[in-house]
Amino acid sequence: LCLFKQISELNNKLNMKKKILLTGSSIKGNLGAGAMTSVLIDHLTRKNNHLKKDIGILSHRYDLDKIFIKKNNIKIFNYGGIIRNTFVNILLHKLLKINIFNKNDNYLAFEWCDIVIDIHGINFTESDDWVSSILIPGFMIWCGTLLGKKTIKFTQTFGPIDSFFKRVLSKFFLSKALLLV
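First things first, this report covers the structure right here in the doc. Computed from a prediction, not measured in an experiment: that's the story for all the values here.

Here His120 lies in the loop between β4 (115-118) and α6 (130-146). At 2.5 Å, the side chain of His120 forms a polar contact with the side chain of Asp118. When neighbours within four sequence positions are excluded, His120 is seen to be in contact with Thr23, Gly24, His60, Met140, Lys153, Phe154, Thr155 and Gln156.

Right, dumping it as structure tokens:
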């Protein structure tokens, strides 16, 4: 409930168009992710059902989710290649005004939205490998920031992180988020 209140206050404060992209989410396959995604969409659209067209999901399980999502009038993007493709393309476009790669769904999703809510379950911890726990969610935040999007990092856990390097890297990425929940 705290997240929902903060999102409502943030939208009012920023006077945003309210195109919201959910990352680290899916409806099918992972029961925890499905539950978090469904509850968040339900809360965001409870009073305004027309807002469904302003919600997008960057899905790890695109093939499983696309039928349900499209049937419910929610936009869906196929997740993939955040570091080696999307981030590199965004950075080169920002610095040199060139696109080496075609814009993939990640890039298009970030361009489409006004705000990103990243609901990956377990991030910024050493209990998992550092690529999936720190780098991938960190680059999700950074890509949004580079494209001028507000990012809310909503996760089940932060830490512990014993490694000095990983703590510094996590602090860098998390400092780019507008809100940590």
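It is worth spelling out the pattern of salt bridges at this point. Side chains bearing opposite charge may pair, as long as their charged atoms lie close to each other. One pass over the structure, following the stated rule, counts four salt bridges. With a closest N to O distance of 2.8 Å, Glu111 and Lys103 form a salt bridge. The exposure class of Glu111 is partly exposed, given its relative accessible area of 35%. With a relative accessible area of 34%, Lys103 lands in the partly exposed category. A salt bridge links Lys153 to Asp118, with the nearest nitrogen and oxygen atoms 3.2 Å apart. With Lys153 in strand β5 (residues 150-153) and Asp118 in strand β4, the pair connects residues that are 35 residues apart, well separated along the chain. The class of Lys153 is buried, set by a relative accessible area of 0%. On the accessibility criterion, Asp118 (1% relative accessible area) is buried.

Glancing now at the sheet that holds β4. Strand order in the open sheet formed by six strands is β3-β2-β1-β4-β5-β6, and the pairing between neighbours is parallel. Each of the sheet's edge strands pairs with one partner strand only, and the pair in question is β3 (75-78) and β6 (179-180). In this structure, strand β2 (residues 55-59) lies alongside β3, joined through four bridges in parallel fashion. Within β3, the position partnered with Ser59 by the bridge is Asn78. Set on the sheet, helix α5 (residues 105-112) makes contact with β1 (20-25), β2, β3 and β4; between it and β3 the angle comes to about 145 degrees.

Let's shift gears to the nonpolar core. The tendency in soluble globular proteins is for nonpolar side chains to be buried as a group. The biggest cluster of nonpolar side chains holds 26 residues, and the ones touching the most others in it are Leu21, Leu58, Ile82, Phe110, Phe124 and Phe173. Elements with a minimum of two residues in this core: α4 (82-96), α5, α6 and α7 (164-175). Residue contributions to this core peak at six residues, all from α6. Among the nonpolar cores identified, the runner-up in size contains 16 residues, and Leu22, Ile27, Ile74 and Ile152 belong to it.

Cut-offs applied
Residues numbered from 1 in each chain as written. Predicted model: local features only at pLDDT ≥ 70, side-chain atom pairs only at ≥ 80, totals over all residues. Heavy atoms only, no water. Helix = DSSP H or I, 4+ residues; strand = E, 2+ residues; numbered from the N terminus. Polar contact = N/O pair within 3.5 Å; in protein donor to acceptor, adjacent residues only side chain to side chain. Contact = heavy atoms within 4.5 Å. Salt bridge = Lys/Arg side-chain N within 4 Å of Asp/Glu carboxyl O. Buried < 20%, exposed > 50% of the residue type's maximum accessible area, 1.4 Å probe, protein only. Pairing = 2+ DSSP bridges. Axes fitted to C-alpha atoms, helices over the stretch in contact; angles between N-to-C directions. Core = buried A, V, L, I, M, F, W, Y, C linked by side-chain atoms within 4.5 Å.

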